[in-house]
Amino acid sequence: MGVVVLVTGVARHLGARFAAELRRRPGVDRVVGVDVQPPRLPVEEPYGPVAPYSFHQLDLRRPAVSRVIAEHRVDTVVHLSVSATGLGSTNRSAVKESNVIGTMQLLGACQKAPGVRRLVVKSTTGVYGSAPRDPAVFSERIQPKDPPGGGFAKDAAEVEGYVRGFARRRPDVAVTVLRFANIVGPGADTPLSEYFALPVLPTVLGYDPRLQFVHEDDAVAVLCRAADEPVPGTVNTGTLNVAGEGVLLLSQCARRLGRPTLPLLLPAVSWMAALARQTRLVDVSPEQLRLLTHGRVVDTTRLRETFGYRPAFTTPEAFADFADALGPGLLPPERLAAVTDRLTALLGPEGAATTTGAATAGNVPPNPPNRPHRPHRPRS
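Heads up: these notes are all about the structure in this document. (Residues numbered from 1 in each chain as written. Predicted model: local features only at pLDDT ≥ 70, side-chain atom pairs only at ≥ 80, totals over all residues. Heavy atoms only, no water.)

**Some details on the overall build of the protein chain**
- In terms of helices and strands, the protein chain carries twelve helices and 13 strands.
- For the protein chain, with 380 residues in total, the buried portion stands at 46%.
- As displayed, the protein chain offers around 18700 Å² of accessible surface, 57% of which is attributable to carbon and sulfur atoms. (Helix = DSSP H or I, 4+ residues; strand = E, 2+ residues; numbered from the N terminus. Buried < 20%, exposed > 50% of the residue type's maximum accessible area, 1.4 Å probe, protein only. Areas by Shrake-Rupley, 256 points an atom, 1.4 Å probe, with all protein chains shown as cover.)

Here is the structure:
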C-alpha cells in the first residue's frame, strides 16, 4: 500500500503546486489538502494516472484536523501553512494564532495518531534574524546572537520549538524541518516579491545587503524528497537550510529588475514601511526591513551532502526567472547595457576600460547576459 499525505496550506501557490506534484509521485495513494479557505485555483489535474485528492476546509486552530487524519488514515503530514501573511485577514494577532496555535493543534493531532510516520514542516531562514553582529554565513547549528523579537520569524522559531518537543515525544516519527530562503519564481506570492514589484525600491542609505533566494521549483522538489523515504546514502530528517547557491546584493536585484532605488535614512524607511502596511500597499514588516538592511546568508552544505539535493537554480538564476515574470521596470537592464555600449564606443579603448571598471564596481555587468563577450584586442 502507498502513503496517504496530508498537506496544510494548499490555498497558497506553493501548497497547491506541491499537492499537484505529489499526486504524480509513485507510491502515493491519496493526497488530502487542508486550509482555512478554498484554493483560489484548484489543485491542477495532471495527465496520466494520479492519486485521488480531497480538500477539507477547516481552521487548524480547531481540533477538527484530528478527525481528518483518522478518517483518511494519514501517515505523512506536510505542514506548509506557517506563513508571513494570513488568508482573508491582515491582523497580525490572527496570523500569529494561525501559525503557532494552529501548529500546536496539528502536532497534538499527530501525536495521538499512531499511524503517522513522517512529519515535514516548512520554516524559514528568518529564524536566524538579521543583525549587524551576525556571522557571514549561518549553518544549521549556529544560534543567532540577536534572535527575531517579533513577526513571522519569531512565529517560525516558536513553531520549531514545538516541533522539537513533538520529536522527543514521538521518536518513531521521522521529522524534517526545512528552513527556506526567500522563495521566488513566476508565481511567488510572498511579501518580498511584493516589495520588488514596486516601481521604485526604497532602500536604507549606506547599506547594500546580501540576499539569497530559492526557486519555487526547487522548493517543491525538496518538499517531495522530504515527504518520501530517503534515497540510499542520504538522510532526509533533521533541520536543513534550503537556498540556491550564490548571493545577490540588493543593488544587483534592483538593476536586474530595472527598478530605480530611493536611498533613505533608516527612520524614514521605517516610517514609509509603516505607512505602506497601514494603507495595505505592501507588507514590509520590521523583520523584512532588517533583512533589507543587514541581509542574511546561510550554508547549504548539509542540503547537498546529507540530504542529497543540489538546487537546479542558483540564487541569481532563480531571481532572473522571477524578474522575467515580473516584467521590465522603469530602467530595463538592456537599456542600461545599450547606454554603456554607446559610451564605450564614443570614448574609445581608454574610455572603454574606465567605463567597464565603473560598471563592474557598481555591480552592473559590462555585457548583458544574452550578448556574447567580445574581448578587447590591443592595437598593433
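We are not done yet, so read on.
**Comments concerning the pairing of strand β2 (residues 28-35)**
- Counting buried residues in β2 gives six out of eight residues, a clear majority hidden from the surface.
- The pairing of strand β1 (residues 3-8) with β2 spans six bridges and is classified as parallel. By the bridge assignment, Leu6 is partnered in β2 with Val32.
- One crossover worth recording links β1 to the parallel β2 by way of helix α1 (residues 13-24), and it is right-handed.
- Where β2 and strand β3 (residues 53-57) come together, five bridges link them in parallel fashion. Counted as the bridge partner of Asp35 is Gln57 from β3. (Pairing = 2+ DSSP bridges. Right-handed = clockwise from strand over helix to strand, strands pointing away.)

**A few points about the sheet that holds strand β4 (residues 76-79)**
- Ordered by their spatial adjacency, seven strands build an open sheet running β3-β2-β1-β4-β5-β6-β11, and the pairing between neighbours is parallel. The open sheet has two free edges, formed respectively by β3 and β11 (238-242), since each of these has just one partner strand. Across the sheet, the axes of successive neighbouring strands diverge by a mean angle of 20 degrees, strand direction being ignored. (Axes fitted to C-alpha atoms, helices over the stretch in contact; angles between N-to-C directions.)

**A word on the pattern of salt bridges**
- Taken as a whole, this structure holds 14 salt bridges when the rule is applied.
- With its nearest N and O atoms 3.8 Å apart, the salt bridge here joins Arg164 to Glu160. Within this pair, Arg164 and its partner Glu160 are both found in helix α4 (residues 151-169), separated by four residues, close to a single helical turn. (Salt bridge = Lys/Arg side-chain N within 4 Å of Asp/Glu carboxyl O.)

**Here's the deal with the packing of helix α7 (residues 250-257) against helix α11 (residues 315-326)**
- Relative to each other, α7 and α11 sit at 35 degrees, their axes nearing to 9 Å. Crossing of α7 over α11 shows right-handed handedness. Mapping the contact onto sequence places Cys253, Arg256 and Leu257 in α7 and Pro316, Phe319, Phe322, Ala323 and Leu326 in α11.
- Partitioning the contact of α7 with α11 into residue classes produces seven nonpolar, no polar and one charged. (Left-handed = near helix turned anticlockwise from the far one by under 90°. Contact = heavy atoms within 4.5 Å. Nonpolar A, V, L, I, M, F, W, Y, C, P; charged D, E, K, R; others polar.)

**Focus: the side chain of Gln288**
- Relative to the helices and strands, Gln288 resides in helix α9 (residues 286-294).
- Looking at Gln288, the relative accessible area reads 9%, which means it is buried.
- For Gln288, the residues in contact, after removing those within four places along its chain, are Pro191, Leu192, Tyr195 and Asp283.

**Looking at unusual backbone geometry**
- The phi dihedral of Arg73 is positive, around 55 degrees, even though this residue is not glycine.
- Mapped onto the secondary structure, Arg73 falls in the loop between α2 (64-72) and β4.

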